[in-house]
Amino acid sequence: MSQIRVRYAPSPTGYIHIGNLRTALYNYLFAKHTGGKFILRIEDTDQARKVEGAVDNLINTMEWAGFEYDEGPGRGGDFGPYYQSERLDIYKKHCDILLEKRKAYYCFCTAERLTALREEQQKQKLPQTKYDKHCLHLSEEEVNSNLAAGMPHVIRLNVEQGDVIRFHDFIRGEVEFMSELVDDQILMKSDGFPTYHLANVVDDHLMKISHVIRGEEWLPSTPKHVLLYRAFGWELPTFAHLPLLLNADRSKLSKRQGDVAVEDYRKKGYLTEALINFIALLGWTAGDDKEFYYLPELISEFTLERVNKSGAVFDIEKLNWLNEQHLRAKYDSEIAAMLREELKNSKYAGQEYPDDFLINVVKVMKERVSFVREFYEKAFYFFEEPTSYEEASVKKGWKEQSPAILRVFEEKIKNIETVSKEDYETALKETASEMGVGNGAVIHPLRLATSGVSGGPGIFDICFIIGKEKTLQRIDRAISVLK
Ligand code: GLU
């Protein structure tokens, strides 16, 4: 078998849809699993949809995801250029070949004529509106004189009627389309730019792409592509159309029901590993119950045979769960470094936090958070003094005797130079027994004083992490506010 070569061929339209990231991932996994080549090709021939910075965003996303491509922008390769906008002469040359072979023809129809035609067909309730081949019947003289007069024109593929277009899809099996349903698609637009269909097929052929792996939304385009391969006399690649991504109600994944852009999830603080893991499972399983994967494991386990046909539901709960799992699987020091970065973009920016302080926060909070930012959102009391006290907890846990109890506790730790976690525990127990109360009568007010809330990690952990000085200050403040 000739070498496996696959491509991710995004159009730089500004943002990257989750579905596109999955296409990139599956192509990447398939290439790496089989020892093939993974190519990045930028499909930027649609002038109207060009967005500033979109290509940089794409390349940056590939780097962020860890999908190293073998050929493509910035990396070169034997089949470049990898920007379609730099290959216009190639498309023109190939369009000329089709004109020569009479597989394609010039069309001079005006926008008005096409609109009228469409409206007429709609009125007749035809199953589909399509071009009526009007210009196919122009004489050679007419065509030449129109061209000489500089008349605006497009070039269309001549789709023969009464034909059945068949191809094999790796995931969906045999696929059949009636050629009656295929329009004489435009190959070259009036601005001299190729359409997606022409550029995509020419490039897949010239770049020796062996497998075209892309989303199911491209399936209706495939018969057009098959006709183009036939018209050129080229061998078909293997097609593999990935299942649709669905919302929980099984409607097509759309912006209306939640975020669909990769950037949105990055901004929300999802870990790269978690998002990649999650996306890998949108349409693929290894066939067992395993759900937690790192990229290298996905590479070794991924096969196209195990990609499903049916739509894949985007389950945000599962993504959140995976984020939690991936976060917990990291070393504390790594999480602490991530926390330090996130703090720089928080209201705590500019504050100094020693490594061991952050690591201690991570240690006690790790099992209680799903996102890095929750370390300072949920456990804000490690980063700032509580300025208010949860009302319900005050009612329940702050008693008339509480100030006196806390004073005793304060005295005990004041005399210890460096207070260990165990020292806090001893001080607490001694306080309780001296005051003739249960441990709870010390713990609840102490927790309120130091954190302002009732939940969270162990009280000795809190005191130890904020340190003796802050523990004492906070007790004093609580006593003066709550009395
Ligand atoms: N440029 C198309 C896109 O934006 C490529 C589709 C294909 O893979 O053929 O997804």
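What counts and what doesn't
Residues numbered from 1 in each chain as written. Predicted model: local features only at pLDDT ≥ 70, side-chain atom pairs only at ≥ 80, totals over all residues. Heavy atoms only, no water. Pairing = 2+ DSSP bridges. Helix = DSSP H or I, 4+ residues; strand = E, 2+ residues; numbered from the N terminus. Axes fitted to C-alpha atoms, helices over the stretch in contact; angles between N-to-C directions. Salt bridge = Lys/Arg side-chain N within 4 Å of Asp/Glu carboxyl O. Buried < 20%, exposed > 50% of the residue type's maximum accessible area, 1.4 Å probe, protein only. Near = heavy atom within 4 Å. Polar contact = N/O pair within 3.5 Å; in protein donor to acceptor, adjacent residues only side chain to side chain. Areas by Shrake-Rupley, 256 points an atom, 1.4 Å probe, with all protein chains shown as cover. 1 Å grid on protein atoms, 1.4 Å probe; cavity = no way out; pocket = protein on both sides within 12 Å on 5 of 7 lines; lining within 4 Å. Sits in = over half its atoms within 2 Å of the grid points.

J.: So what exactly am I meant to see when it comes to the sheet that holds strand β7 (residues 186–188) here?
T.: Strand pairing within a sheet occurs via backbone hydrogen bonds; the two strands may be parallel or antiparallel. The strand order across the open sheet formed by three strands is β3-β4-β7, and the pairing between neighbours is antiparallel. In this open sheet, the two strands that pair with only one neighbour each are β3 (104–107) and β7. Taking the axes of each pair of neighbouring strands and ignoring which way they run, one obtains an average angle of 45° across the sheet. As paired strands, β3 and strand β4 (residues 154–157) are joined by four bridges and run antiparallel to one another. Residue Y106 lies in a different strand from β4, and its bridge partner there is I155.

J.: Explanation requested: the pattern of salt bridges in the structure shown.
T.: When their charged atoms lie close together, side chains carrying opposite charge are able to pair. Summed over the entire model, instances satisfying the criterion amount to 37 salt bridges. For D259, the salt bridge goes to K268, with nearest N and O atoms at 2.5 Å. Across the pair E367 and R328 runs a salt bridge, and its minimum N-O distance is 3.6 Å. Taken as a pair, E367 in the loop between α13 (355–365) and α14 (374–378) and R328 in helix α11 (residues 316–328) lie far apart in primary sequence, 39 residues in all. You can call E367 exposed: its relative accessible area is 55%. Beyond isolated ion pairs, a larger network of salt bridges with shared partners links R7, R41, E43, R87, D203 and D204.

J.: Can you help me understand the site of the ligand in this one?
T.: Close contacts around the ligand come from R7, A9, S11, E43, Y196, N200, R214 and W218, and that covers them all. Between the ligand and A9, the relevant distance is 2.8 Å, taken from a nitrogen atom to a main-chain nitrogen or oxygen of the residue. Side-chain polar atom of Y196 to an oxygen atom of the ligand: 2.8 Å apart, as the coordinates give it. For the ligand, whose free accessible area comes to 290 Å², the fraction covered by protein is 90%. In this structure, the ligand is accommodated by the largest pocket.

So far we have only geometry, and geometry alone does not tell us how the molecule works.
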